[in-house]
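# Chains, contacts and geometry: an overview
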Amino acid sequence: MDDLLPALVGEWDGTYRLWLEPNVLRTEGPTTATGRAVAGGGFVAVEYDWTDLDGPQQGSFLMARPADDRWEVAWVDTWHTANGIMFCTGGPGPDVQVAYGPAEAPWGWRTTFERPAADELVITAWNVTPAGEEAKATEATYRRVS
């Protein structure tokens with residue numbers, strides 16, 4: 001995945017899916033994304049949109065790979081994060097996570113970035129219970145348009 005950051009640059013179209021309960025799909029619809037290099041190419045910013053039952057939504061993430069075995073993502077989304085920023089870290093692959101909720105029993109949010117083919121991108125996120133059980137929360141599948 002050494003080439004993930006530059007590969008994110010461009011225009012993307014796809015499908016966004018949202019689950020609020022395990023295996024119960026709430027929303028499935030179109031999504032678009034635009035990725036651009038930031039600060040000399042050491043970072044990539046991706047802005048995207050999707051639609052929930054509540055209406056149009058927008059999000060953005062800033063991604064970096066500060067070391068071979070580490071990834072960092074700062075993520076905001078009108079539906080998922082409201083007025084906050086989720087700071088996710090992980091590695092060695094582009095698999096990042098963050099804890100949220102009560103300190104005595106925190107939940108987790110884990111996100112993976114995969115490229116099944118050169119012009120395809122799949123971003124999948126899971127909610128992780130305090131007991132460590134994962135349930136798919138979102139999945140965005142993209143194809144490059146430019």
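Scope of this entry: the structure provided in the associated data block. From a predicted model like this one, the values you see are computed outputs, not experimental measurements.

### Let's talk about the pairing of strand β3 (residues 43-52)
With seven bridges connecting them, strand β2 (residues 24-38) and β3 associate as antiparallel partners. Residue Gly35 lies in a different strand from β3, and its bridge partner there is Val46. The turn linking β2 back onto β3 is made up of four residues, and Ala39 within it adopts a positive phi angle of 55°. Between β3 and strand β4 (residues 55-67), which follow one another and run antiparallel, lie two residues.

### Regarding the pattern of salt bridges
In a structure, side chains of opposite charge can pair up when their charged atoms sit close to one another. Going through the model one piece at a time under the given rule, you end up with eleven salt bridges. Between Arg115 and Asp3 there is a salt bridge, with the nearest N and O atoms lying 3.2 Å from each other. One end of the pair, Arg115, is in the loop between β8 (107-114) and β9 (120-128); the other, Asp3, is in the segment before α1 (4-8), with 112 residues separating them in the sequence. Of the charged contacts, one joins Lys136 and Glu139 as a salt bridge, the two residues approaching to 3.1 Å between their closest N and O atoms. When its relative accessible area of 15% is taken as the criterion, Glu139 is described as buried. Residues participating in the shared-partner salt-bridge network are Arg17, Glu28, Lys136 and Glu139.

Procedures and definitions
Residues numbered from 1 in each chain as written. Predicted model: local features only at pLDDT ≥ 70, side-chain atom pairs only at ≥ 80, totals over all residues. Heavy atoms only, no water. Pairing = 2+ DSSP bridges. Helix = DSSP H or I, 4+ residues; strand = E, 2+ residues; numbered from the N terminus. Salt bridge = Lys/Arg side-chain N within 4 Å of Asp/Glu carboxyl O. Buried < 20%, exposed > 50% of the residue type's maximum accessible area, 1.4 Å probe, protein only.

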